[in-house]
Amino acid sequence: MEMANALVFLAAAVLMGLAAIGAAVGIGNLGGKFLEGAARQPELVPLLRSNFFIVMGLVDAVPMIGVGLGMYLMFAVA
Amino acid sequence: MSNSSPGGKFTRLTRKKVTRIFQIQTVFTLCVALISLLHSVTAGYSALLGGVTYLVPNAYFAWRVLSRSSDTPRGVLADMYIGEIWKMVITIACFAAVFILVQPLSPFPLFLTFVLLQILNWYLQMKVDDRFLKL
């Protein structure tokens, strides 16, 4: 039984860890491209900021679901 | 530099779009909760909690990012990243509070509402912002 609990926590850790890696890569790329765009055309910063906000919501959706499932595994299943 | 102020044209437009999207998502959450309520009371409030768990962190993120006055790329980036970190913290806190404090809980409607709201967000962002459809 303890082994089963340990595996559940391990699964939650892997789930949330991979989600965090995905979010970090996606949002890091997004921030890099934003800075690139802002350096090329500083007058477009307000427009880029709006687009950045929108795309950030798209990028972090799946990691958020992963975090939710991980929390469920830790608090409700284990 | 009037466009880069908190009340700048693009920020104002985005704020308007985001408010509209939140209104649609709130109505959608209530609809899913009502449909789940037909199955059982537990399913109904679980669906509602799934919606609240999605809406609260996202509303905070939108408020934080779209109400700031940063007009330098560095300031905008800092606002976005700090807002995103807080959004994740609030999401984790909401999920933990729901799983610890609410008993009994039906996980299927909770996650169904949460995932459907994420998908609805994708769809509405694409639909509202036709720039993406031209890419």
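Residues numbered from 1 in each chain as written. Chains lettered and ligands numbered in written order. Predicted model: local features only at pLDDT ≥ 70, side-chain atom pairs only at ≥ 80, totals over all residues. Heavy atoms only, no water.

Residues and elements named next belong to chain B. Mapped onto the secondary structure, Thr53 falls in helix α2 (residues 41-66). When the C-alpha atoms of Thr53 and Ala93 are compared, they prove to be 9.2 Å apart, with 40 residues separating the residues in sequence. With residues near it in sequence (within four places) discarded, Thr53 still touches Thr91, Cys94, Phe95, Val98 and Phe114. Polar contacts involving the side chain of Thr53 include one to the main-chain carbonyl oxygen of Leu49, which spans 2.6 Å. (Helix = DSSP H or I, 4+ residues; strand = E, 2+ residues; numbered from the N terminus. Contact = heavy atoms within 4.5 Å. Polar contact = N/O pair within 3.5 Å; in protein donor to acceptor, adjacent residues only side chain to side chain.)

A few words on the pattern of salt bridges. Inspection of the entire model under this criterion finds one salt bridge over all chains. Where Asp60(A) meets Lys87(B), a salt bridge forms, and the shortest distance between an N and an O atom there is 2.7 Å. Highlighted residues: Asp60(A) in the loop between α2 (45-59) and α3 (61-77) and Lys87(B) in helix α3 (residues 73-101), drawn from two different chains. An identical accessibility class is assigned to Asp60(A) and Lys87(B); each is buried. (Salt bridge = Lys/Arg side-chain N within 4 Å of Asp/Glu carboxyl O. Buried < 20%, exposed > 50% of the residue type's maximum accessible area, 1.4 Å probe, protein only.)

Here the focus is the UniProt feature "transmembrane region" (unreviewed entry) in chain A. Mapped onto the present numbering, the UniProt feature "transmembrane region" (unreviewed entry) falls at residues 50-75 of chain A. The span residues 50-75 of chain A is 96% helix and 0% strand, and its two end C-alpha atoms sit 36 Å from each other. (UniProt positions renumbered as here; feature names shortened; annotations may be inferred.)

Next up on the list: a nonpolar patch on the surface. Residues and elements named next belong to chain A. A surface patch of nonpolar side chains, about 710 Å² in accessible area, is lined by Met3, Leu7, Leu10, Val14, Leu18, Ile21 and Val25. With respect to the helices, strands and loops of the structure, Val14 is situated in helix α1 (residues 2-40). Assessed through its relative accessible area of 46%, Val14 is described here as partly exposed. (Patch = residues over 30% accessible without salt bridge, like charges linked within 9 Å, V, L, I, M, F, W, Y side chains within 5 Å. Areas by Shrake-Rupley, 256 points an atom, 1.4 Å probe, with all protein chains shown as cover.)

In this section: the interface of chain B and chain A. Listed by partner, the interface residues are 39 residues for chain B and 31 residues for chain A. A per-residue breakdown of the area chain B buries against chain A is headed by Met80(B), Phe99(B) and Trp122(B), which together make up 14% of the total. Applying the counting criterion to the chain B and chain A interface returns one salt bridge. Our enumeration of links across chain B and chain A arrives at four residue pairs in polar contact (both at pLDDT 80 or more). Here the element with the most residues in the side of chain B that touches chain A is α3(B); it accounts for 14 residues. Here the residues of the side of chain B that touches chain A are counted per class, giving 24 nonpolar, nine polar and six charged. (Buried area = accessible area lost by both parts, 1.4 Å probe. Nonpolar A, V, L, I, M, F, W, Y, C, P; charged D, E, K, R; others polar.)

Those residues carrying the UniProt feature "domain: V-ATPase proteolipid subunit C-like" (unreviewed entry) are residues 10-73 of chain A in this numbering. For the annotated span residues 10-73 of chain A, helix accounts for 92% and strand for 0% of the residues, and the straight-line distance between the end C-alpha atoms is 10 Å.

It is the contact of α2(A) with helix α4 (residues 107-128) of chain B, at a shortest axis distance of 9 Å, that shows an interaxial angle of 150°. Taken together, the axes of α2(A) and α4(B) lie roughly antiparallel to each other. In the packing of α2(A) onto α4(B), the handedness of the crossing is left-handed. Where α2(A) approaches α4(B), its residues Ile54(A), Gly57(A) and Leu58(A) are matched on the opposing element by Asn121(B), Trp122(B), Gln125(B) and Met126(B). Looking at the contact of α2(A) with α4(B) residue by residue, the class counts come to four nonpolar, three polar and no charged. (Axes fitted to C-alpha atoms, helices over the stretch in contact; angles between N-to-C directions. Parallel < 35°, antiparallel > 145°, perpendicular 65-115°, else oblique. Left-handed = near helix turned anticlockwise from the far one by under 90°.)

Residue and element names in this part refer to chain B. If you walk through the whole model with that rule in mind, you get ten aromatic pairs over all chains. Ring geometry for Tyr54 versus Phe114: centroids 6.1 Å apart, planes at 75°, classification edge-to-face. With Tyr54 in helix α2 and Phe114 in helix α4, the pair connects residues that are 60 residues apart, well separated along the chain. The class of Tyr54 is buried, set by a relative accessible area of 2%. Owing to a relative accessible area of 2%, Phe114 belongs among the buried residues under this scheme. For the ring pair Phe95 and Phe114, a centre distance of 5.1 Å and an interplane angle of 70° mean the geometry is edge-to-face. Placement of the pair is Phe95 in helix α3 and Phe114 in helix α4, with a sequence separation of 19 residues. (Phe/Tyr/Trp six-rings, centres within 6.5 Å; stacked < 30°, edge-to-face > 60°.)

This part is about the confidence of the model for chain B. Residues and elements named next belong to chain B. Residues at a pLDDT of 70 or more form 89% of chain B, whose mean pLDDT is 86. Within chain B, the element-level pLDDT minimum falls on helix α5 (residues 130-133), averaging 60, and the maximum on α2, averaging 93. Overall, residues 1-5 carries pLDDT values under 50, and its contacts beyond four positions in sequence, including any with other chains, amount to twelve contacts. At the level of chain-chain contacts, confidence expressed as ipTM amounts to 0.86, with global pTM at 0.87. (pLDDT = per-residue confidence, 0-100.)

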